[in-house]
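Architecture and fold: a report
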Amino acid sequence: MQGLIEGFREELTADTMRILRLPSVIGRPAGGAPFGREINEALRAVLALGREMGFSCRSLDGYAGVVDYFCGDANASPLGILAHIDVVPPGEGWSRPPFGALLQDGRIYARGALDDKGPLMAALYAMRAVKEAGLPLSRPVRLIIGCDEESGFRCMKHYLKHESPPVFGFVPDAGFPLVFAEKGIFQFRVGCPPQPGAQKGDIELLSLRGGDAVNMVPACAAAQLRVTAAGQERMERACAGFAGKGRLSLHTEGEIARVSAAGRAAHASLPESGENAITLLLDFLCGLTLVPGDKTSFINALCRLFGGDSAGSGAGIAVSDEMSGPLTLSLNMIEVNEDVAEANLDMRYPVTAEFAPLWRKLTEACAASGLEVHAGQHKEPLFAEKESPLVATLLQVYRDVTGDASPPLAIGGGTYSRAMKNFVAFGPLLPGRESLAHRADEYIETADLLLITKIYAEAIYRLAGVCRL
């Protein structure tokens, strides 16, 4: 089977590039396309490719897609593979077109190359390899393609409303050798209630905006201010003094000044791997003497609670455990203008931590700083026993194919493993590779794409052909 997959090299690369060129970012709902026409177009393209390979393929009302390989015992629950076709917005800082799928030096550069279109294509081609090799299986295999993984799992909720879940399986959307634990994920919004009108002064904040997605560390943010001549001179000095702390640019036209911050995007589960443009800009603004008012009170509160480190220290919720590491907290979206003052944050908390005390401390800290808190999406931590048959089998598959004996992982990311029972995240990021999910110039190496296809094909064969889980 490994030789058969080697023969797929050019075809797999070309098909992956074709799917990566479809900008499947969530958009406005349309008929038959609940997450936008572009995501639906990408879903239909993958389903069409699956049909060409001889699989039974269908769309579940545009929420998700199903690729079925009917084999083995038709009455047995299938082995499941859960992947997703939607991607986060490209953001800033790309040196190549984010949806160009440029092949350069053995790498395919595109948003979604790692998260999650590349792994999706590897799983599909792995199913093809098992099918064309004629390997005997004891149960069907089902690839489920979600369309809303990045924004709330509505795709999986729709699937479970209309279909039975597979009995077990894996999710190609994290790292190798395998993920046995995922931190809890909590996203929330903070706002500032209206206060009396602003007083007069040299520097007045008019607006502030930054961020593209709550689960993505922002690469850029910008503030607009009204300044007097004295205020402009003071702000120029502040910008010059801030030069060593980050990348800021100042443009002034008349009494209006625009300050822009350039950071580096990253996945919200790894905020330390990026540079948060919003907190960078907040740090700068809080160093100025701004005209008092609700906007100023809001950004000062954000600086106190969420500036500085990404461990939640300012809000009094820093915690860590041996299994999964420290809590992370990142302020990833902000909107401040005449009508609104609000920010969206992403928290990842350790597997063994209790959520209720963290939530209580967070709301108390925000209330003490004059902020209102609104709870958003919450996903509890996930933990799989390392000795379970599913984990043991997948670990052995990885080690047999690669020769690498690295231990299983605990991560801050959230995968479809939370959507159904008896699933774990399995690849695609190989040990030693840089994780570029949600970052600029995301790429996957073509050699890795082929290798993970081999790993997934072997996993399918052992789980559906040998194991009785």
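Everything numeric in this text was worked out from a predicted model, so none of it was measured. (Residues numbered from 1 in each chain as written. Predicted model: local features only at pLDDT ≥ 70, side-chain atom pairs only at ≥ 80, totals over all residues. Heavy atoms only, no water.)

Further remarks concern the packing of aromatic side chains. Any two aromatic rings considered together are summarised by their centre-to-centre distance and by the angle between their planes. In this structure the tally under the stated criterion is 18 aromatic pairs. Centroid distance Phe35 to Tyr63: 5.4 Å. Interplanar angle 85°. Geometry classified as edge-to-face. With Phe35 in the loop between helix 2 (9–20) and helix 3 (37–52) and Tyr63 in the loop between strand 1 (56–60) and strand 2 (64–69), this residue pair connects regions lying 28 residues apart in the sequence. By relative accessible area, which is 26% here, Tyr63 ends up partly exposed. Ring geometry for Phe170 and Phe426: centres 5.6 Å apart, planes at 75°, overall edge-to-face. On the criterion of sequence distance, the pair formed by Phe170 in strand 7 (residues 168–171) and Phe426 in the loop between strand 24 (423–425) and strand 25 (428–429) is long-range, its members being 256 residues apart. Residues Phe170 and Phe426 agree in their burial class; the two are buried. Seen from the ring of Phe180, Lys386 lies directly overhead, with NZ or CZ sitting 4.5 Å from the centre. (Phe/Tyr/Trp six-rings, centres within 6.5 Å; stacked < 30°, edge-to-face > 60°. Helix = DSSP H or I, 4+ residues; strand = E, 2+ residues; numbered from the N terminus. Buried < 20%, exposed > 50% of the residue type's maximum accessible area, 1.4 Å probe, protein only. Lys NZ or Arg CZ within 6 Å of the ring centre and 35° of its normal.)

Moving on, we get to the side chain of Arg142. For Arg142, the position within the fold is in strand 6 (residues 141–146). Of the polar contacts made by the side chain of Arg142, one reaches the side chain of Glu163; its length is 3.4 Å. Sequence-distant contacts of Arg142, defined by excluding residues within four places in its chain, comprise Arg58, Val66, Val67, Asp68, Pro78, Leu79, Gly80, Ile81, Tyr159, Glu163 and Ser164. (Polar contact = N/O pair within 3.5 Å; in protein donor to acceptor, adjacent residues only side chain to side chain. Contact = heavy atoms within 4.5 Å.)

With respect to topology, three strands assemble into an open sheet ordered 4-5-26, the strand pairing being antiparallel. At either margin of the open sheet sits one strand with a lone partner, and together these are strand 4 (102–104) and strand 26 (443–445). For this sheet, the mean angle separating the axes of adjacent strands, direction not counted, is 25°. Note: strand 5 (residues 107–109) against strand 26, three bridges, orientation antiparallel. (Pairing = 2+ DSSP bridges. Axes fitted to C-alpha atoms, helices over the stretch in contact; angles between N-to-C directions.)

Here we take up the packing of helix 6 (residues 229–242) against helix 7 (residues 277–286). Each pair of packed helices can be summarised by the angle the axes make with each other and by the distance between the axes. Packing of helix 6 against helix 7 brings their axes to within 10 Å, and their N-to-C directions diverge by 130°. Looking at the two axes, helix 6 sits oblique to helix 7. Our pair here, helix 6 against helix 7, has a crossing hand that is right-handed. Residues Met235, Ala238, Cys239 and Phe242 of helix 6 form the contact with helix 7, whose own contacting residues are Leu280, Asp283 and Phe284. The residue inventory of the contact of helix 6 with helix 7, partitioned by class, reads six nonpolar, no polar and one charged. (Parallel < 35°, antiparallel > 145°, perpendicular 65-115°, else oblique. Left-handed = near helix turned anticlockwise from the far one by under 90°. Nonpolar A, V, L, I, M, F, W, Y, C, P; charged D, E, K, R; others polar.)

As a further point, take the sheet that holds strand 21 (residues 372–379). A sheet is described by the order of its strands in space; here eight strands give the open sequence 14-15-13-11-19-20-10-21, paired in antiparallel fashion. Every other strand in the sheet has two partners, leaving strand 14 (247–253) and strand 21 as the edge strands with one partner each. Within this sheet the neighbouring strands show an average axis-to-axis angle of 25°, counted without direction. Pairing analysis gives eight bridges linking strand 10 (residues 184–191) to strand 20 (residues 341–349), with the strands arranged antiparallel. Across the sheet, Gly191 pairs through a bridge with Glu342, a residue of strand 20.

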